[in-house]
Amino acid sequence: MKTNTALETNIIVSNNLKYLLKIHGVSRKKVCNDLGIKYTTFCDWVNGRIVPKYQNLEKLGDYFGIETIEFLRPLEEEGKLEAANRLLTYTNEIVRKGKVLDMNVVREMSDEQVKELLNSGFTFKHKTYEERLAECGGVAQTYKFDWGEPKGREMF
């Protein structure tokens, strides 16, 4: 695995910050105000003069909805950031608000997106029989079919 030099890391983090600002449609000032970061320091990060400390990358990752490690890889080249960002934002909202994942959303996710959910520690909760029964008003519905008289070759 190739490791980046300090200059390469500065450039990658700088490009990633520019890219994130662009796709999220936020200004440098807004990010600085929202996170309590000095504007000149943030500009140094964006311009590639210095790399933010890890705790600042964590803040930025939370702000933009990406994992901290993603700042060290070129985001724009991968082309998957929009989908991953949308998925991460969705799962973060679910976890924060204690909501249940809507299975209709899962049906529209790619296998990679579902794997990403699982790899990030997300679990799916299945409803118990009692919960399902309560949803339908406490009455279990059964269906009986009249298949006619046995002919002697049926399998049960």
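Anyway, here's the lowdown on the structure attached to this text. This is a predicted model, so every value here is computed, not measured.

**Some words on the packing of aromatic side chains**
Scanning the entire structure with this criterion turns up two aromatic pairs. Aromatic pair Phe42 and Trp45: ring centres 6.0 Å apart, planes at 70°, arrangement edge-to-face. Here the residue Phe42 and the residue Trp45 both occupy positions in helix 3 (residues 39-46), the gap between them amounting to three residues, near one helical turn. The exposure class of Trp45 is buried, given its relative accessible area of 3%. Sitting over the face of the ring of Tyr39, Lys29 holds its NZ or CZ atom 4.6 Å from the ring centroid.

**Quick look at the packing of helix 2 (residues 28-35) against helix 3**
Two packed helices can be described by the angle between their axes and the distance between those axes. One way to put it is that helix 2 packs onto helix 3 with a least axis distance of 10 Å and a crossing angle of 125°. For the element pair helix 2 / helix 3, the angle class is oblique. Where helix 2 crosses over helix 3, the two elements pack in a sense that is right-handed. Note on element contacts: helix 3 touches helix 2 through Tyr39, Phe42, Cys43 and Val46, opposite Arg28, Lys29, Val31 and Cys32. Residues that form the contact of helix 2 with helix 3 fall into these classes: six nonpolar, no polar and two charged.

**Overview of the nonpolar core**
Residues Leu17, Leu21, Val31, Phe42, Leu60, Phe64 and Phe71 are the most contacted members of the largest nonpolar core, which totals 19 residues. Elements represented by at least two residues in this core include exactly helix 1 (6-24), helix 2, helix 3 and helix 4 (54-64). Looking at which element gives the most residues to this core, the answer is helix 1, with five residues.

Conventions adopted
Residues numbered from 1 in each chain as written. Predicted model: local features only at pLDDT ≥ 70, side-chain atom pairs only at ≥ 80, totals over all residues. Heavy atoms only, no water. Phe/Tyr/Trp six-rings, centres within 6.5 Å; stacked < 30°, edge-to-face > 60°. Helix = DSSP H or I, 4+ residues; strand = E, 2+ residues; numbered from the N terminus. Buried < 20%, exposed > 50% of the residue type's maximum accessible area, 1.4 Å probe, protein only. Lys NZ or Arg CZ within 6 Å of the ring centre and 35° of its normal. Axes fitted to C-alpha atoms, helices over the stretch in contact; angles between N-to-C directions. Parallel < 35°, antiparallel > 145°, perpendicular 65-115°, else oblique. Left-handed = near helix turned anticlockwise from the far one by under 90°. Contact = heavy atoms within 4.5 Å. Nonpolar A, V, L, I, M, F, W, Y, C, P; charged D, E, K, R; others polar. Core = buried A, V, L, I, M, F, W, Y, C linked by side-chain atoms within 4.5 Å.

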